Structures are given as C-alpha cells and as structure tokens.
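Working through the structure, step by step
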Amino acid sequence: MALAFKIAARFIKSSKGQTILIVLGIAIGVSVQVFIGTLIQGLQISLIDKTVGSSSQITVTSKNDDRAIDKWKGKVNDIKSLNVGIKNVSEAADFSGFVKYNNKTSPILLRGFIFSTADSIYKIKDSLIQGKEPSNDNEVLVGKDLRDNLSVKLGDKITILTPKGKNEQVTITGFYDLKVSSLNNSWIITNMRTAQNIFDFGDKVTSIEMQANDVFTADVVAKAVANKLDSSNLKVDNWKVTNAATLSGLSGQSASSYMIQVFVLLSVILGIASVLAITVMQKSKQLGILKAMGIKDRVASLIFLFEGLILGIFGAIFGVLLGLGLTYSFSKFALNTDGTPLVPLYLDYKFILLSGLIAVVSATIAAVIPAIKSSKLDPIEVIKNG
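Presented here is a report on the structure given in the accompanying data block.

Criteria and thresholds
Residues numbered from 1 in each chain as written. Predicted model: local features only at pLDDT ≥ 70, side-chain atom pairs only at ≥ 80, totals over all residues. Heavy atoms only, no water. Helix = DSSP H or I, 4+ residues; strand = E, 2+ residues; numbered from the N terminus. Buried < 20%, exposed > 50% of the residue type's maximum accessible area, 1.4 Å probe, protein only. Polar contact = N/O pair within 3.5 Å; in protein donor to acceptor, adjacent residues only side chain to side chain. Contact = heavy atoms within 4.5 Å. Axes fitted to C-alpha atoms, helices over the stretch in contact; angles between N-to-C directions. Parallel < 35°, antiparallel > 145°, perpendicular 65-115°, else oblique. Left-handed = near helix turned anticlockwise from the far one by under 90°. Nonpolar A, V, L, I, M, F, W, Y, C, P; charged D, E, K, R; others polar. Core = buried A, V, L, I, M, F, W, Y, C linked by side-chain atoms within 4.5 Å.

Glancing now at the side chain of N191. Positionally, N191 belongs in strand β8 (residues 187–191). For N191, a relative accessible area of 14% gives the class buried. A polar side-chain atom of N191 sits 3.4 Å from the main-chain carbonyl oxygen of N136. Ignoring sequence-local partners within four residues, the contact set of N191 consists of G112, F113, F115, N136 and D137.

We now examine the packing of helix α3 (residues 72–80) against helix α9 (residues 218–229). For the pair α3 and α9, the least separation of the axes is 10 Å and the interaxial angle reads 130 degrees. By the criterion of interaxial angle, the relationship of α3 to α9 is oblique. Between α3 and α9 lies a crossing whose hand is right-handed. Facing K75, D78 and I79 of α3, the residues of α9 in contact are V225, K228 and L229. Taken together, the residues of the contact of α3 with α9 break down into 3 nonpolar, no polar and 3 charged.

Time to look at the nonpolar core. In this structure, V60, I79, I158, I188 and V225 are the most contacted members of the largest nonpolar core, which totals 46 residues. For this core, the element with the highest residue contribution is strand β2 (residues 86–101), accounting for 6 residues. The residues contacting I158, other than those within four sequence positions of it, are V99, K100, Y101, V140, V142, V152, E168, Q169, V170, I172 and I188. In this structure, I12, V23, V30 and V320 belong to the second largest nonpolar core, which totals 15 residues.

Spelled out as structure tokens, the structure:
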C-alpha cells in the first residue's frame, strides 16, 4: 500500500499541468456546492427569522365568541411542563379598537403583554427606537408608522376607543420598529392589566403564544400542547399551517439547491474519471514495466485509487477556501439600501465539512474505473507495443 501511494504521488508530480486542471475542476465543483448551499441556508434562515423568528410559532386561542382563556396561568404551567422543545411562552390580551389624537382616528390592535415573557418572542426592547417600555398602567408603545400618521411624540396622551363606546387616555412612553409596516401601523403595546382594564376583560387572556427550539417541529409541538391542554374550547395553531406558502417556498429552495449540487458532483466525477482513464493510457508503459518487475494487479489498481484520493483532498481544500471566499465577497458586495447584507452570512461548518468529504469520496470513486482498467493491462503486450 505504501508503494502504491508513493507511485501515485510520483505520477501526480510528473504531470503538473494535468494535476492542476483536475484539482481546479474539483475545487470549482466544491466551491459551487459551498457557495450555493451556504447562500440558500443563509437566505432560508433570514426568511424564517423575518417571518416567524420574532413572532409566535404556536398559538393557543379560545373557540368561544368572547375569545377569553380563563385560568390561563395553570394552562401556561401545563405547557411549560412539557418536554417537547418549547423555547419561549408568552401570554397576550389582544383587543381591536380605535386610537384618537386631535382630529385623527385610526384602527388599532391593543396588545397587552407581560413584558418579561413577551420580550423573549417579540424582542420589544431591541425594537425600541425611542423612549422606553411602559413601567406603569395606562402607558403604551406606538409603532413608528402609526406615530407618523398621528403626528405624535413622546409623552403625548392618546385616546383608546373600544367597540362598546368606552374611552381611555393613555400616555406614549416609546416608539418601536418591528420591521413590518402593518404591525408598526396597527399595534399599540401595553402591559396586560391596562389592556384588560380598558376592555373590561377581567383576569383573562386571548392567546398563549410559544416558540419552539426548532421552528420546523412546530406542528409536532402544537400537537403535544393540544393533547396536554385537552380542552374542546381551545384551538392550537402553528406557523407551518398559517404560513404554508412560506414553507413551500423554503422546500422549493432546498430542492433546487440539492439538484444543482448533484449535477455539479456528477460533472466532477465524470471529469476526474475521464482524465484518469487517459492517464492509464499515458502511463501504460510504466505500469507494464512495474508489472513485469512483480507488482501485483491489486497494487496497480491502488495507484489510481490513491491518485483520486490525493487529488480529491487537495481539490476539496482549495474548493472550500474558494467557496468561503465567494460567500464572504457576496455578503460584502450584495447589500441592501441600509448597508446590511442582502443575504446574511451563515456558515454551517457541518455542511462545509460534508461538501469537502463528498468531493474526496467522489474523486476516489471516480478513480475506480481507471483502477480496474490498469489492473487488466498485460505487461508483455504493453512493453511490446510501447
């Protein structure tokens, strides 16, 4: 085996131009795999983060007309006791109404939260662009789009109008930007008690919201939650149902990525196999002499398998480096208007390592046909005709 490796290394060194071309071919194939795979993974993570990363992934609501979930603290404790990969749990009291300031009126959704739990899902504190979270009752946060529509500023008092005709003045303590225009223009955020008092709701909530450790297991988690609560008056939804179009798009992206990588891999394998097959013919005289000197067919085959392995290793190393360089360059040159990367840089080291490993294995497999061909060479015929 050591002899076969040494001969393989000598063959590679003796044909530098050919070696460079093969390594370059493998490197380009690996770099395309790394670049496309990393790009699509970053795109998917960005899309998931924007759509469900900072929102509820599993939501418990009431089937009753009043939308009220009573004894909600016990239900929250039941949910937290589940060992099914639930990351965050938050309660909310949501009510539709209107906000009035001077002569301007706008429809809104008043969202009452317990900020310590809601912040883990909605990142409210991080989304603040001015002011602070409410620390007292009848204090609210307003979205930046609604702020512009109403022309309000910090400390202004606005009036919340309920469908039952009740009016309540609240004070603006801050403005937020959740990066979604519809939310920035409609949500008014306050503490739980303020929302419950304004709409005379008592100590009840309208929803219990959750996030899973793995967003793609939200349907499994939702089923476990539904079984645990075991109530005919409650409904458990998950983002995979409510965002079916997004999920379909993600699946399509993954499928297209895999197809591209498979075809790139096939082209690399065929390229290596064809070049090594030519090498067998080029080195036939040397192989004939070696066989005449006593080298067995098995060793002759190993020479080309080692060639494929060595070329695969060098091609994989250069390919990974080239792919990472392309990915980094793309994140620096393809930018949004605010200067942030169009697709965030995300490096999955397991995927990168797997891409390199696949290249090495593919290069070795590609050498099987030339290896078999070399083992069948008749040394007498090769020397006679060489």
